[in-house]
Amino acid sequence: MAQSDTKKIFFENLSGAGKAIAVLTSGGDAQGMNAAVRAVVRMGLYVGAKVYFIREGYQGMVDGGENITEATWESVSSMLQVGGTVIGSARCKDFRTHEGRLKAALNLVTLGITNLCVIGGDGSLTGANLFRAEWSGLLAELVEQGSIEAQSVQNYTALHIVGMVGSIDNDFCGTDMTIGTDSALHRIIEVVDAIMTTAQSHQRTFVLEVMGRHCGYLALVSALACGADWVLIPEMPPEDGWEEKMCQKLSANRAGMKRLNIIIVAEGAIDRNNKPITTDCIKDLVVKCLGFDTRVTILGHVQRGGTPSAFDRILASRMGVEAVLALLETTANTPAWVVSLSGNQSVRLPLMECVEMTQKVQKAMDEKKFEEAVKLRGRSFENNLRTYKLLAHRKPESELPTSNFNVAVLNVGAPAAGMNAAVRSAVRVGISEGHRMFAVNDGFEGFYKGQIKEIKWSDVGGWTGQGGSLLGTKRTLPAKHVGKIAEQMRTHNINALLVIGGFEALESLLQLYEARAAYEEFCIPMCMLPATISNNVPGTDLSIGADTALNAIVETCDRIKQSASGTKRRVFIIETMGGYCGYLATVAGLAAGADAAYIYEEPFDIRDLQANVEHLTEKMKTSIQRGLVLRNENSNENYTTDFIYQLYTEEGKGVFDCRKNVLGHMQQGGAPSPFDRNFGTKISAKAMQWVTKKLVETFRQGRVFANTEDSCCLLGMRRRALIFQPVVQLKGETDFVHRIPKEQWWLKLRPLMKILAKYKTSYDVSDSGQLEHVVHNRPKDSDASVAM
């Protein structure tokens, strides 16, 4: 995405002087809440405001005293990687009463607090809005009681609030993702992956219950991420007679040599008559009808616990900073805001409009308007449900369309987690569309050598959770072998090509496009899916595999920092992969709380290095015990990791010592994250539907002939939309020497990282957003969201 056309506010213009901001967490806890608290505190202090913790949620606001304490920069150190909420959360009956809110108002006014940042669910945010509406009346009442002076009413005329949604259920309308959802998916998928190994050993069926009393997001997305046989969610109850259909599906899968079955159930799952569907009910049904050895696992509060994922840390940090800026700009006439995520942008939306939309979902379910409930959940939820149905339930051969088209799929470039999920999705959607699917082993090297074979529905079972590339992948480009590749395409009658890979895949498609003039075999629909940990492909904001690599880096940084716990002050210099692209170093730096991140896109010299060392030395003397510096592997040919390590070691003598780590290929390994599994699955399904459309459009006189620019495309995500872009049009957006896009959206995150590390800098402020209503006209290609 091009740099956002947001307004830029400089440090000297950001003034919170004389203002007091309080932050609280309310309702159920969610991983990432601490990152949001940290961001609010540090951004608040950065702009000159006083910042207060309100401990134990609204109960602490009502009780006052030691529950409301002033925060310092150091008081939020080392909390970024901690799950839950360190300032506590509690359900509060007192705040629901007028007397309770009167006490809360007195406690806030006493400390001069008129800016409130609330992190919680829709109930917590609704309570905050009610408090805001009653504020002037509450102060007048306190004056009558003699609890405060009349002057206080004039000094604190309005209470300004801004909300951030912390909820693992992702049940709030208006944001693509809520704080904690991605981490909860990590916990679920970790458990499912572990259960699948034991289930396979004993040929068992497992019924798993996940959280989601009123929202099936966790169940649906985890089912999509692990390839579950059946999923039950409250928004879309199964049709009458589902019991028989489910048993038939489980039986058919076992007959197809599958040794296990996975059924995922949201805790709020219901049938068409709003009657609960329980895990025990499903277990008894499977045992009775099929006789399968069946076990039940209820994940429970495991889903709320553990370390927040990289996504949640970044999301919460961005929301926390944006919340402070929203409070600074709020007037008595502006509505209460909630900070939301739209694509890769933080936006502000009217709080109560979002709450009302959220409540409409439950109303629709209560009235058995289930189709409407799904639509109200938003495009991302709809797309997840549609994709799951497409991939999980195979139509009988008699019902499949017969297209007589052959489609080849291959991986190109370095392996990336999520590639296998993309291949599985392509194969199954292609078969559902009536095509014969062919797998090419070892990229274009395997292509010209004839390593091509037909691949069936069952061949890709269980691929979703596998890391690396099961097809095999090579960096070989096709240019030197176009003649042999064309011959193989004639031999196997290949009518379309799906290439999944990184920068080499883009170069490959450009070469094949150029080869069309000499070889008609390449005059077919060709589509590329970006898959690289470096996230350096033009035409897309995110690539398959980048999220998994990011989590691997952040988890390693956490461990490395923890290794110095209790010892003397220490700074770690860590080198990340990415070629010339600084995405991993920058975003991992933000998620891990780095003090600096050196990248090629932001040139630096010895003066910058010296300033960073001095800044870190000053911080080490006064507060922090551990420092973290990230360096992209190709950020500078002279200022190497060794050079930076030696510089910091020398300049930090007497204050801190240094260690260095080169993370290497561990960034490419491991099982794909839930995000990469789902992103790969959905983007691949969309690509195959595009391929089908192009095949039909270009089939003339008994053959496929496609030679236009728009028949050779990259499918990328720009903000919230999945967009097909002709690869020849992306040439102008690309720096081929350094293998990076000329403009990269994530560069705007760097000031945020610097602010949270106590540097003075400028920051881009988001514009207010717009709530996605069902009645809005939807662009054809914008049915996918960054939020899985």
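Above this text sits the structure in question.
Fair warning: this is a prediction, and the values are worked out from it, not measured in the lab.

Cut-offs used in this document
- Residues numbered from 1 in each chain as written.
- Predicted model: local features only at pLDDT ≥ 70, side-chain atom pairs only at ≥ 80, totals over all residues.
- Heavy atoms only, no water.
- Pairing = 2+ DSSP bridges.
- Helix = DSSP H or I, 4+ residues; strand = E, 2+ residues; numbered from the N terminus.
- Axes fitted to C-alpha atoms, helices over the stretch in contact; angles between N-to-C directions.
- Buried < 20%, exposed > 50% of the residue type's maximum accessible area, 1.4 Å probe, protein only.
- Right-handed = clockwise from strand over helix to strand, strands pointing away.
- Contact = heavy atoms within 4.5 Å.
- Parallel < 35°, antiparallel > 145°, perpendicular 65-115°, else oblique.
- Left-handed = near helix turned anticlockwise from the far one by under 90°.
- Nonpolar A, V, L, I, M, F, W, Y, C, P; charged D, E, K, R; others polar.
- Patch = residues over 30% accessible without salt bridge, like charges linked within 9 Å, V, L, I, M, F, W, Y side chains within 5 Å.
- Areas by Shrake-Rupley, 256 points an atom, 1.4 Å probe, with all protein chains shown as cover.
- Salt bridge = Lys/Arg side-chain N within 4 Å of Asp/Glu carboxyl O.
- Lys, Arg positive; Asp, Glu negative; His and termini not counted.
- Charge placed at Lys NZ, Arg CZ, Asp CG, Glu CD.
- Polar contact = N/O pair within 3.5 Å; in protein donor to acceptor, adjacent residues only side chain to side chain.

A.B. asks: Requested: an account of the sheet that holds strand S20 (residues 596–598), with residues and values cited.
C.D. replies: Backbone hydrogen bonds are what pair the strands of a sheet, in a parallel or an antiparallel way. Reading across from one edge, S20-S21-S19-S22 is the order of the 4 strands in this open sheet, with parallel pairing throughout. Two strands bound the open sheet, and with one partner strand each, they are S20 and strand S22 (657–662). Sheet twist, expressed as the mean angle between neighbouring strand axes with direction ignored, is 20°. As paired elements, strand S19 (residues 570–576) and S22 share 6 bridges and run parallel to each other. Bridge assignment links Arg570 to a residue of S22, and that residue is Asp657.

A.B. asks: Describe the pairing of strand S18 (residues 526–530), listing the residues and the values that go with them.
C.D. replies: A large share of S18 lies buried, amounting to 5 of its 5 residues. Residue alternation in S18 divides its side chains into two sets, Met526, Met528 and Pro530 and Cys527 and Leu529, and both sets are buried. One ladder, built from 5 bridges, connects strand S17 (residues 496–501) with S18; its direction is parallel. By the bridge assignment, Ile500 is partnered in S18 with Leu529. Read from S17 through helix H17 (residues 503–515) to S18, the crossover connection turns out right-handed.

A.B. asks: Give me unusual backbone geometry: which residues, what numbers.
C.D. replies: Backbone geometry at Asn170 places phi at a positive 55°, although glycine is not the residue there. Looking at the element boundaries, Asn170 is found in the loop between strand S6 (160–165) and helix H6 (181–202). One non-glycine residue, Gln203, lies in the positive phi region at around 50°. When you line up the elements, Gln203 lands in the loop between H6 and strand S7 (205–210).

A.B. asks: Would you mind going over the sheet that holds strand S9 (residues 261–266) in detail, with residue names and values included?
C.D. replies: The strand order across the open sheet formed by 4 strands is S8-S9-S7-S10, and the pairing between neighbours is parallel. With one partner strand each, in any of the chains shown, strand S8 (230–232) and strand S10 (294–298) form the two edges of the open sheet. Taken over all neighbouring pairs, the strand axes of this sheet differ in orientation by 15° on average, direction set aside. Relative to S10, S7 runs parallel, the two being bridged by 5 bridges. The residue of S10 that forms the bridge with Thr205 is Thr294. The sheet contacts of helix H7 (residues 217–226) involve S7, S8 and S9, and relative to S9 the element is tilted by about 165°.

A.B. asks: I'd like a description of the packing of helix H4 (residues 122–145) against helix H11 (residues 351–366), backed by residues and values.
C.D. replies: Between H4 and H11, the shortest axis-to-axis distance is 10 Å and the interhelical angle comes to 140°. Our classification of the angle between H4 and H11 gives oblique. For the element pair H4 and H11, the recorded crossing hand is left-handed. Residues Asp122, Leu125, Thr126 and Asn129 of H4 form the contact with H11, whose participating residues are Leu351, Met352, Val355 and Thr358. When its residues are assigned to classes, the contact of H4 with H11 shows 4 nonpolar, 3 polar and 1 charged.

A.B. asks: Before we move on, can you summarise the packing of H7 against helix H22 (residues 674–698) with the specific residues and values?
C.D. replies: Here H7 crosses H22 at 75°, and the two axes come no closer than 9 Å. By the angle between their axes, H7 is roughly perpendicular relative to H22. Facing H7, whose interface residues are Val221, Leu224 and Ala225, H22 presents Arg677, Asn678, Thr681 and Lys682. Class assignment for the residues of the contact of H7 with H22 results in 3 nonpolar, 2 polar and 2 charged.

A.B. asks: Go over a positive patch on the surface, please, and point to the residues and values.
C.D. replies: Residues Arg91, Lys93, Arg96 and Arg213 make up a contiguous surface patch of positive charge. Here Arg213 is to be found in the loop between S7 and H7.

A.B. asks: Any details on the environment of Asn420? Residues and values, ideally.
C.D. replies: Mapped onto the elements of the fold, Asn420 is located in helix H14 (residues 419–432). Here Asn420 falls in the buried class, since its relative accessible area comes to 1%. Separated by 46 residues in the primary sequence, Asn420 and Gln466 place their C-alpha atoms 6.5 Å from one another. If sequence neighbours within four positions are ignored, Asn420 has contacts with Trp463, Gln466, Gly467, Gly468, Ser469 and Leu470. Separated by 3.1 Å, the side chain of Asn420 and the backbone oxygen of Gly467 make a polar contact.

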